[in-house]
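Residue strings, one per chain:
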Amino acid sequence: MLVGVMLLWFLLTALSLLYVVMDIRSTPASPVLKWGFVLLTAYTGPLGAFLYVLGCREPLPGLHERYVATRWRQVLGSTMHCVAGDGLGILAGAVLARLFHLPKAADIMLEYALGFGFGWTVFQSLFMRGMAGGSYLRALSSTFLPELLSMNCLMAGMVPVMTLAMKSVPASHNPSGPEFWFIMSMALLVGFITAYPMNWWLVSRHMKHGMMTVRPLQRSIESGVHKSLQDDHSTREGTEGAQRAGKPPMDSDINSLSAGVLTWITILSFLIFGLGLFIAVILGGF
């Protein structure tokens with residue numbers, strides 16, 4: 001039965017990925033978010049395509065700004081960005097761990113290190129350095145804590161799923177087999193869900209960006225809505241507002257929070273991660 005489920009899943013994933021790749025080119029979203037939705041769809045198949053249509057695809061010309069302004073869509077963009085970037089590092093770590101036959105604890109550490117490292121230094125800081133006035137070092141500084149909090153919650157959902165599923169399906173330990181990729185896909189899907197609440201907290205405090213609308217200048221003028229909506233939402237503050245201020249909007253929001261709040265939310269994120277590890281140890285026996 002598992003073979004049939006995997007076959008259907010991979011078929012739907014291929015069709016979903018083809019649709020998103022073709023359709024997202026006309027969506028007036030930030031390029032990094034476009035790549036993020038492509039990667040998310042590759043990870044989560046039809047669910048990724050569904051989230052793209054429901055959360056980012058422009059319903060009518062000139063309405064993208066209003067469409068993505070709702071909080072849950074902003075959080076969707078933030079969580080998707082996290083899972084897309086971190087997921088590449090996590091998958092690379094999982095493949096390397098199995099190629100070198102690393103013990104499970106070392107496997108998790110490698111996946112965490114590569115996932116956080118790639119998500120933080122590339123997907124968050126490098127691709128979004130425009131929000132830091134073009135400074136890569138400033139982007140690294142301002143995105144470190146938000147990425148850490150989100151990564152902890154992502155791994156909290158992934159680790160139990162990977163451990164339990166791979167224990168039940170021995171063939172899934174081989175990266176050359178479809179079982180491995182199916183289980184990693186399910187783990188990333190669960191990780192997306194567990195990271196969503198933390199990203200809601202981060203977006204609500206402007207510590208992470210959400211969806212961003214990017215239009216050619218002429219189209220912005222013709223639509224008559226882009227600039228008027230650019231300044232009244234955290235998403236637009238992230239792109240043009242950061243460039244006008246010369247610093248990432250996240251800096252001021254992080255600084256406005258007390259050290260105690262940041263300390264406790266960081267501790268909470270590690271406790272959530274620890275809970276995921278505990279479940280994996282107790283039920284998965286790694």
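Residues numbered from 1 in each chain as written. Predicted model: local features only at pLDDT ≥ 70, side-chain atom pairs only at ≥ 80, totals over all residues. Heavy atoms only, no water.

(A) Quick look at the overall build of the chain. Secondary structure assignment for the chain yields 13 helices and 0 strands. Sequence-ordered secondary structure for the chain, helices as α and strands as β, is α-α-α-α-α-α-α-α-α-α-α-α-α. The buried share of the chain, reckoned over its 286 residues, is 53%. Taking the contacts inside the chain whose residues are at least 6 apart along the sequence as the reference set, 74% of them involve residues at least 24 apart. (Helix = DSSP H or I, 4+ residues; strand = E, 2+ residues; numbered from the N terminus. Buried < 20%, exposed > 50% of the residue type's maximum accessible area, 1.4 Å probe, protein only. Contact = heavy atoms within 4.5 Å.)

(B) Summary view of the environment of P197. Assignment of secondary structure puts P197 in helix α8 (residues 178–204). Each C-alpha atom, one on P197 and one on S150, is 9.2 Å from the other, the two residues being 47 residues apart in sequence.

(C) Local environment of the environment of L76. You can see L76 is positioned in helix α5 (residues 71–99). Judged by its relative accessible area of 2%, L76 is buried. When the C-alpha atoms of L76 and G55 are compared, they prove to be 7.1 Å apart, with 21 residues separating the residues in sequence. Beyond its immediate stretch of four places on either side in the chain, L76 contacts F37, L51, G55, F192, Y196 and M211.

(D) Just the packing of α5 against helix α6 (residues 104–126), in detail. The interhelical angle for the contact between α5 and α6, taken along N-to-C directions, is 145°, at an axis separation of 7 Å. α5 and α6 meet at a crossing whose hand is right-handed. Here the residues of the contact of α5 with α6 sort into 12 nonpolar, 7 polar and 5 charged. (Axes fitted to C-alpha atoms, helices over the stretch in contact; angles between N-to-C directions. Left-handed = near helix turned anticlockwise from the far one by under 90°. Nonpolar A, V, L, I, M, F, W, Y, C, P; charged D, E, K, R; others polar.)

(E) Here's a closer look at the packing of aromatic side chains. Under the defined criterion, the tally for this structure stands at 12 aromatic pairs. A centroid spacing of 6.4 Å and a plane angle of 20° characterise the contact between Y112 and F116, whose relative ring orientation is stacked. With Y112 and F116 both in helix α6 and 4 residues apart, the pair spans about one turn of that helix. When its relative accessible area of 16% is taken as the criterion, Y112 is described as buried. Look at F116 and you get buried, because its relative accessible area is 11%. Arranged with centres 5.4 Å apart and planes meeting at 20°, the rings of Y112 and F273 form a pair that is stacked. One end of the pair, Y112, is in helix α6; the other, F273, is in helix α13 (residues 259–284), with 161 residues separating them in the sequence. Pair check on accessibility: Y112 and F273 agree, each one buried. (Phe/Tyr/Trp six-rings, centres within 6.5 Å; stacked < 30°, edge-to-face > 60°.)

(F) Local environment of the nonpolar core. Residues F37, L154, M155, M158 and M184 are the most contacted members of the largest nonpolar core, which totals 62 residues. Broken down by secondary-structure element, the contributors of at least two residues to this core are α2 (31–44), α3 (46–55), α5, α6, α7 (136–168), α8 and α13. Element by element, the count of residues in this core is highest for α7, at 12 residues. (Core = buried A, V, L, I, M, F, W, Y, C linked by side-chain atoms within 4.5 Å.)

(G) Geometry of unusual backbone geometry. In the Ramachandran plot, H101 falls in the positive-phi region, its phi being about 55° despite a non-glycine side chain. By the secondary structure assignment, H101 is in the loop between α5 and α6. In this model, H206 sits at a positive phi of 60°, which is unusual for a non-glycine residue. Structurally, H206 is set in the loop between α8 and α9 (217–223). According to the relative accessible area criterion, H206 is partly exposed, its value standing at 25%.

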